[in-house]
Amino acid sequence: MMHAETTLDTLDWDALERLRDGFLSGTGAAGVYWQSRADLANYDLTFAQRIAWKWDAVLAELKLRGWAPPPGEVIDWGCGSGVAGRCVLREFGTENVTALRLFDRSALAMEFAEARAKAVFPKLAVTSGEPEAGRAGLLVLSHVLNELPEAECESLLQLARRADAVLWVEPGTHTDSRALVAMRERLRDDFDLVAPCTHQATCGLLTAGNERHWCHNFAAPPAGIMADGNWVRFAQRMGIDLRSLPYSFLALERKGLRAAEEQFSGWSRVVGAPRVYKGFAKMFSCGPGGVRDLTLQKRDAPELFKRLRNEEPLLLLKCAVAGERAETVGATLP
Ligand SMILES: C[S@@+](CC[C@H](N)C(=O)[O-])C[C@H]1O[C@@H](n2cnc3c(N)ncnc32)[C@H](O)[C@@H]1O
């Protein structure tokens, strides 16, 4: 039977509400929730699109840091509609990719993601199913952690240990970010930490006294989203703030795989959003010395201050620090 193609004008609100309720209540861990291809089509146009905007921010940062994936297979594990794998391939190209493998506990999801990927990358080998034994290529993980009971989390870690590189994006909540930090700590013996960290030591958030903090940033939705009737309706029906896209992420590369460039050692990574006040800004920053709040005086870096006031994201900061004050400032904005 032919189905009319789902569009932003013809969304199935009942399906989206059911999916949203499952995501919010954490019942995803209880079992497969994709009931039809239409579920995936509705998700792909909406929730997955918001996830794509987070991936765009992550991939832009990786490019800023001069990182590109090693050659080989790309595995999108827990692929859902397959948005994460498609974002990675769109951003980094397919020249060095031997195949895209899509895996999910839902056969419907694998079928959907495979069909979408084949439509977008007609020349690429696209397969689905369990990753093969042995060395895995680039492992792409997106919004999976809070659906995994402990045993499944352990087997995912086993798979990650076989990967050449791992790109992992999760929601920017305290819980999800802390769960990702736990993964970081368990993988860092085998992997170089490419981003967001600028150092290879224990995560500074694990130091006593930092429990209330979490590693997250905010992606920017496309300009004009608030003027788009379809998106505004989606946000209202789903109870979502379209402008807020918090995410946490981790980029890892197997130690010794390629010569590692310490391009950003000595820099700090800004966590969360800078808080801008009259004449100064405060930033929670993470560096080799741990995490701490830094104060940037407008008079010390007027141009940078102006950009912060305009809500441009600031990711990396190189500065001399006196007490809590950032003095000579070099900054990288995406
Ligand atoms: C919230 S969705 C995210 C989908 C996609 N990665 C994205 O970012 O849009 C989580 C996905 O993980 C899958 N999943 C959950 N537990 C899994 C498991 N143990 N093995 C494989 N896939 C799993 C679900 O079926 C679902 O497709």
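Residues numbered from 1 in each chain as written. Predicted model: local features only at pLDDT ≥ 70, side-chain atom pairs only at ≥ 80, totals over all residues.

Moving on, we come to the pairing of strand E1 (residues 72-77). Most of E1 is tucked away: five of the six residues are buried. Bridge count between E1 and strand E2 (residues 97-103): five bridges; the pairing is parallel. When the bridges of E2 are listed, Trp 77 appears paired with Phe 103. The β-α-β motif built from E1, the intervening helix H4 (residues 83-92) and the parallel element E2 has right-handed crossover chirality. (Buried ≥ 20, exposed ≤ 12 C-beta atoms within 10 Å, placed from the backbone. Helix = DSSP H or I, 4+ residues; strand = E, 2+ residues; numbered from the N terminus. Pairing = 2+ DSSP bridges. Right-handed = clockwise from strand over helix to strand, strands pointing away.)

Okay, the site of the ligand next. Close to the ligand lie 18 residues, the nearest being Gly 78, Gly 80, Arg 105, Ser 142 and His 143. Elements supplying a minimum of two residues to the shell around the ligand: helix H3 (47-64) and H4. Each residue belonging to the shell around the ligand can be placed in one class, and the counts come to nine nonpolar, five polar and four charged. (Near = placed C-beta within 6 Å. Nonpolar A, V, L, I, M, F, W, Y, C, P; charged D, E, K, R; others polar.)

Locating Ala 326 in the fold gives a position in strand E13 (residues 325-332). On the basis of neighbour count, Ala 326 is assigned to the buried category, with 24 C-beta atoms found within 10 Å. Expressed as a C-alpha distance, the spacing of Ala 326 and Asp 300, which sit 26 residues apart in the sequence, is 8.3 Å. Beyond its immediate chain neighbours, meaning those up to four positions away, Ala 326 contacts Leu 294, Thr 295, Leu 296, Leu 317, Cys 319 and Val 321. (Contact = placed C-beta atoms within 7 Å.)

The element strand E5 (residues 163-171) is largely enclosed, with a buried count of nine among its nine residues. Of the strand pairs in this sheet, strand E4 (residues 136-142) and E5 are connected by six bridges, and their pairing is parallel. Each residue of the ladder has a partner; that of Leu 141, found in E5, is Trp 168. Handedness of the β-α-β unit built from E4, helix H6 (residues 150-161) and E5 comes out right-handed. Direction of pairing for E5 relative to strand E8 (residues 245-254): antiparallel, over a ladder of seven bridges. Its bridge partner lying in E8, Val 166 is registered against Leu 252.

The subject of this paragraph is the nonpolar core. In terms of nonpolar packing, the biggest core is built from 58 residues, with Leu 139, Val 140, Val 166 and Ala 251 touching the most fellow members. Here the element with the most residues in this core is H3; it accounts for seven residues. Beyond its immediate stretch of four places on either side in the chain, Leu 139 contacts Ile 75, Trp 77, Leu 159, Ala 160, Ala 163 and Val 166. One finds Val 291, Ala 301, Leu 304 and Leu 315 within the second-largest nonpolar core, a separate group that totals 23 residues. (Core = buried A, V, L, I, M, F, W, Y, C linked by C-beta atoms within 7 Å.)

Each assigned domain of the protein is listed with its residue range as follows: domain 1 (13-254) and domain 2 (268-332). The distance between the C-alpha centroids of domain 1 and domain 2 comes to 28 Å. Domain 1 puts 16 residues into the contact, and the matching count from domain 2 is 14 residues. Listed by contribution, the elements that provide at least two residues to the side of domain 1 that touches domain 2 are H3 and strand E7 (217-219). Considering only residue class, the side of domain 1 that touches domain 2 consists of seven nonpolar, eight polar and one charged. (Domains from an automatic or database assignment.)

Omega for the peptide link from Ala 195 to Pro 196 comes to 5°, which places this bond in the cis form. Along the chain, Pro 196 turns up in the loop between strand E6 (191-195) and E7. Phi is positive for His 143, which is not a glycine, with a value near 55°. Locating His 143 in the fold gives a position in the loop between E4 and H6. Backbone geometry at Glu 311 places phi at a positive 65°, although glycine is not the residue there.

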